[in-house]
Amino acid sequence: MHTGDYPLLSAMLLTPLAGAILAMLMPRSRPDYSRIVGYFTSVATLGLGVSLLLTFSKHVHGYQYVERHHWINVLAVHFDVGVDGISLFMIVLTALLFPIGLLASAREHDGKSFTVWMLLLEMSLIGVFISLDLISFFVFFELSLVPMYFLIAGWGHGRNVYAAMKFFLYTMAGSAFLFVGILTVAYLHHKATGVWTFDVATLTQWTSSATAMSARTGRLLFLAFTVAFAVKVPLFPLHTWLPDAHTEAPTAGSVVLAGVLLKMGTYGFLRFAIPMFPSAAVHFAPLLLTLAVIGIIYGAIVAAMQPDLKRLIAYSSVAHLGFVVLGTFALTTQGIQGGVFTMVSHGLTTGALFLLVGMLYDRRHTRLISEFGGLWKSIPILSGLFAASMFASIGLPGFSGFVGEFTSLLGTFLSRRWWAVVATFGVILAAVYLLWAFQRAFTGEPEGANVGLRDINARELATVVPLLALSLFLGFYPKPLFDRSQTAVRDLVAHVEQSANYHAPEPPAPTAEAGR
Amino acid sequence: MTAWLAVAAPILPPIATPRVDWPTVAPVVAMFGAALAIVLLRALVRHSRRLVDTTSVVLAFAGMATAAGFLFYQWHLVRETGGYQTFAGAVAVDGLAVFVQAIVLGACALGVLLGLGYVRREALELPELLALLLLCTTGMMVMAQANDLVVVFVALEVFSIALYVLSAFDLRRAESQEAGLKYFVLGAFSSAIFLYGIALTYGATGTTSLTGIATFLAGNTLTHTGLLLAGFALLLVGLGFKVAAAPFHMWTPDVYEGAPTPITAFMSAATKAAAFGALLRIFAGSFQLYVSDWRPVVFGLAVASLVVGTVAAAVQTDVKRMLAYSSIGHAGFVLIGLQVANAGASGNRLPGTAAALFYLLVYAVMAIGAFGVVQVMTQRGDTHHALSDYRGLARTEPAIAGLLTLFLLAQTGVPLTGGFVAKLAVFRSAVDAGQYQLALIGMLAAVISAFVYLRLVITMYAPNSDAENAAAEGAEPAPRVRIDPGAGIALFLTAAAVLVLGVMPNWTLDIAHQATQLLAK
């Protein structure tokens, strides 16, 4: 196991925390000081993230940069961190989206509190992705609700209080099951082996062995974990908090919510639910695949009907995350690779779209598609960027969206042909809802308030361009991402095959990862 | 006369009085002495009110400091030699007793700190408040040590009577009077029920000593358990009333709302700790053999408290009342710990007793903190604790709003606050005992309670509506909130404790764990 020379992951966790404390100490009358602290610490975290990306070894099996600390001895809770090919990109994505989110929020009121909450959110999200102890994972999983709640409630629009409360209660209700599930797993492990631990690796090894628990217990526990993660993703019947939260949140909140918070759910599937209960995962795969396909189609159809541009993008997230869950529960190397890729790609493209909608809102103080029109003529650069982000989101070849969704569909086709066939229609529907909205809002002749708008400025450009550039880069050259995630993904699939009575189909020829 | 005595002596053997074990009662004596000294001082020194006030504050803190010192000494004694009994088995000195006494003493100190500003604002008698608080704490400390049902009852009465008076302490407020009377009438009922429970238990076992009861039940098989079980039930009702567990909670909202806020803070934390200490000692200790009989009842009480506490709190529009209902909900969480009190006692599992003790400590800190903020917010006459009075507080008083947010998040059970670790401990002990349903019900109750607390949080952070702004321009500005030094210290201490217990709970959890292993034999 590769261990870094210095505690890189702890540093990534503590940098935003230190920034938050520092920003808290800045005078309220000078929010610019707090903002500078925010930029500085989030960029520093990104720097640490990049160095993590560069020093990450793609051939090592298991976790890297592992650190182990005692935390609550009586309860056998540790603070263990580490990173593998699945969590790596989530951490880097988190580190990338926060400086962008902060930069995009330079004009939000009460900059001090905003910065503090953003940095606390960044800390808890990084904590989620690096934790290798179930309780410390849960701690950060729950903790992330608080700053997000305040960001939506304090800086949101419209029915923000309602949306924030709904977001908090929905996810917390899901977590209730997760919490009891975690305690139960640890207890059963203790009863069988006499050792109290919440260590993910130890528990995974034990729970996935055939003798550990009855199939029924395994399935119940799988469902307990699944409920929490399905709310977060969100999967079809549990998604109703998302449109409200996304729409009412401030721009930076939406970017982070779509870019990272939703991924906590899919990451939870990959890290906990599937490896810990592989037989149950194989058993319930058709159910989750079906829900994912419903999400893809339903999300796309509902998105097409939205009069509000931001709400439209919110619903499109339901569809995109459907592809992630589809690939994940295809339980093939290609499917999961595609899922991981889509997680990153969706963070980039939807982030860009939310930023652009935020800019439109700043200019027109509305998000209703019917209020816009002819924007292409009045603000050509912003419109051009919107078009590019839109095509990236649709999954036009050359953008990351295509690679991710194609790979996950390919992986699904291998194991679950008909689900893949139906889900493919989602790709077409994505073109329908986005192009239709684009046509209504951007083409034609500008009239009334749509004339003479200010085009994008340098600061706004600096927020969108990196995301689009990365999406384009990964669209043409996805190899760096696939290379780093494939060891972990292969190990995961091998683990499922070994522990469950299951064989993952392989493609006939090594044509996987079509984008290579 | 002497001749008569000489004749009578052989017929009536002299009552064997137990040796007075001074170190054991030293904390209690110190508190009691301080209370008496304050009363005497007030009665004798009439010329300078200022002198009396200052001296009584000094006396009160001296008493508490002495008691704390002796508690430390007892803790070391217990750690080295294990728990022991004294006063002919009527008093137990063990980890449980010391832990609960420490909570009660801490609550008393914080209550005094909050009370200083309150008394000045309302122009009430400071020495009386201090003397009553100290007497009340004395009773609770005796209760924590009591190893005989009669001693439990005496302690219960001592602190209850002091609490009745404290609830009605604000003479000029009708609500306070009402709270005192209501608490007195219902409390007297519950005391009578408790006493009857003692009588029935005595009838069934022939002793009131808790150790004696355990020995008797272990050595004899009862052919008719009806009497004993009726005794259990009545004891449970009596103490359930004190801890504000549903369905014996009817008094709680009215009394918590009506009583002076510092008293509410003190009694929510300390009464719960003392009464749960007794519950743990009686049920998890003496009645352990009949666990299958009382466990379902406690299960029911726990679920009822969780449901009533959280659901009823959700519809309150008065912050004190809301916190009162949430206190019922927290009683439910501690009852989960009681329900599985000894289930995990073997090996390195976490016994429910330790979880319950830790929860009581964390609750004391969270509750005093939250009520402390309410105390700071209230205006002369103990008004201004409606939900609407907190609207927009974050803009005018960011520090106070931040503190209250911290305490409310802790009560929700958000990670990195003491509330999370406390819930983790309770649920872990429940799952240890195979009580998955109870853990799940508890978690879902926590979700509902999140709504309750967030509603208050959002009110503080909500901007004023335009109509209100317009109205506010015409009206005089709301009086600025002033934090007096006593309340400031209390809030700082509780906030720090909430965070420390959440981030570094090791040390305290260890102590709670040890405390349950060092029970008096």
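So, how was this worked out
Residues numbered from 1 in each chain as written. Chains lettered and ligands numbered in written order. Predicted model: local features only at pLDDT ≥ 70, side-chain atom pairs only at ≥ 80, totals over all residues. Heavy atoms only, no water. Helix = DSSP H or I, 4+ residues; strand = E, 2+ residues; numbered from the N terminus. Rg over C-alpha atoms; globule rule 2.2 N^0.38 Å. Buried < 20%, exposed > 50% of the residue type's maximum accessible area, 1.4 Å probe, protein only. Contact = heavy atoms within 4.5 Å. Areas by Shrake-Rupley, 256 points an atom, 1.4 Å probe, with all protein chains shown as cover. Lys, Arg positive; Asp, Glu negative; His and termini not counted. Charge placed at Lys NZ, Arg CZ, Asp CG, Glu CD. Buried area = accessible area lost by both parts, 1.4 Å probe. Salt bridge = Lys/Arg side-chain N within 4 Å of Asp/Glu carboxyl O. Polar contact = N/O pair within 3.5 Å; in protein donor to acceptor, adjacent residues only side chain to side chain. Axes fitted to C-alpha atoms, helices over the stretch in contact; angles between N-to-C directions. Parallel < 35°, antiparallel > 145°, perpendicular 65-115°, else oblique. Left-handed = near helix turned anticlockwise from the far one by under 90°. Pairing = 2+ DSSP bridges. Expected span 1.5 Å × (residues − 1). Bend = angle between axes of the 7 residues up to and from the residue. Disulfide = S-S within 2.5 Å.

Helix and strand counts for chain B stand at 21 helices and two strands. Compactness check: chain B gives a C-alpha radius of gyration of 23 Å against a globular reference of 24 Å for 521 residues, within 12% of the reference. Summarising its shape, the C-alpha atoms of chain B cover approximately 90 × 65 × 40 Å along the three principal directions. Put simply, chain B has 521 residues, and 61% of those count as buried. In chain B, once contacts between residues fewer than 6 apart in sequence are set aside, the share between residues at least 24 apart is 81%. Approximately 19,200 Å² of chain B is accessible, and the part contributed by carbon and sulfur atoms is 70%. Treating the 27 positive side-chain charges of chain B as one cloud and the 26 negative ones as another, the clouds have centres 3 Å apart.

At the junction of the two partners, chain B supplies 40 residues and chain A supplies 35 residues. Between chain B and chain A lies a buried interface of about 3,500 Å² when both sides are counted; carbon and sulfur atoms form 80% of it. Three residues, L424(B), R428(B) and I458(B), lead the burial of chain B against chain A; their summed loss comes to 17% of the area buried on that side. Counting across the interface, chain B meets chain A through zero salt bridges. Where chain B meets chain A, there are five residue pairs in polar contact (both at pLDDT 80 or more). Of all the secondary structure elements, the ones that give two or more residues to the side of chain B that touches chain A are helix 16 (398–412), helix 17 (418–432), helix 18 (436–461), helix 20 (485–503) and helix 21 (506–517) of chain B.

Residues and elements named next belong to chain A. Contact geometry of helix 5 (residues 134–143) with helix 11 (residues 251–276) gives a least axis separation of 13 Å together with a crossing angle of 160°. Our classification of the angle between helix 5 and helix 11 gives roughly antiparallel. As helix 5 packs across helix 11, the resulting crossing turns out to be left-handed. Contact residues: helix 5 offers L134, F137 and F141, while helix 11 offers M264, Y267, F272 and M276.

What follows is about the pairing of strand 2 (residues 77–83) of chain A. All names here are of chain A. Among the seven residues in strand 2, six count as buried, and that is most of the element. Bridge analysis of strand 1 (residues 64–72) against strand 2 gives six bridges, and the strand direction is antiparallel. Residue pairing in the sheet places E67 in a bridge with V81 of strand 2. Counted between consecutive antiparallel strands, the loop separating strand 1 from strand 2 contains four residues, among which A76 sits at a positive phi close to 60°.

Below, the discussion takes up helix 12 (residues 291–313) of chain B. Residues and elements named next belong to chain B. Look at helix 12: 32 Å from first C-alpha to last across 23 residues, which is about the 33 Å you get at 1.5 Å a residue. Within helix 12, the full set of buried residues consists of V291, W294, V298, L301, A302, S305, L306, G309, T310, A312 and A313. In the core, the buried residues of helix 12 are packed alongside helix 9 (226–242), helix 11 (261–286), helix 13 (319–339) and helix 18.

Below, the discussion takes up helix 11 of chain A. Residues and elements named next belong to chain A. When the terminal C-alpha atoms of helix 11 are compared, their 36 Å separation across 26 residues agrees well with the 38 Å that a helix rising 1.5 Å per residue should span. In the structure, helix 11 departs most strongly from a straight axis at L257, where the bend amounts to approximately 40°. Of all 26 residues that make up helix 11, 26 are buried, and the element is covered over most of its length.

Residues and elements named next belong to chain B. Going through the model one piece at a time under the given rule, you end up with zero disulfides over all chains. No disulfide involves C108; its sulfur sits 8.2 Å from that of C136, the nearest cysteine. Exposure remark for C108: the relative accessible area of 0% places this residue in the buried category. According to the relative accessible area criterion, C136 is buried, its value standing at 0%.

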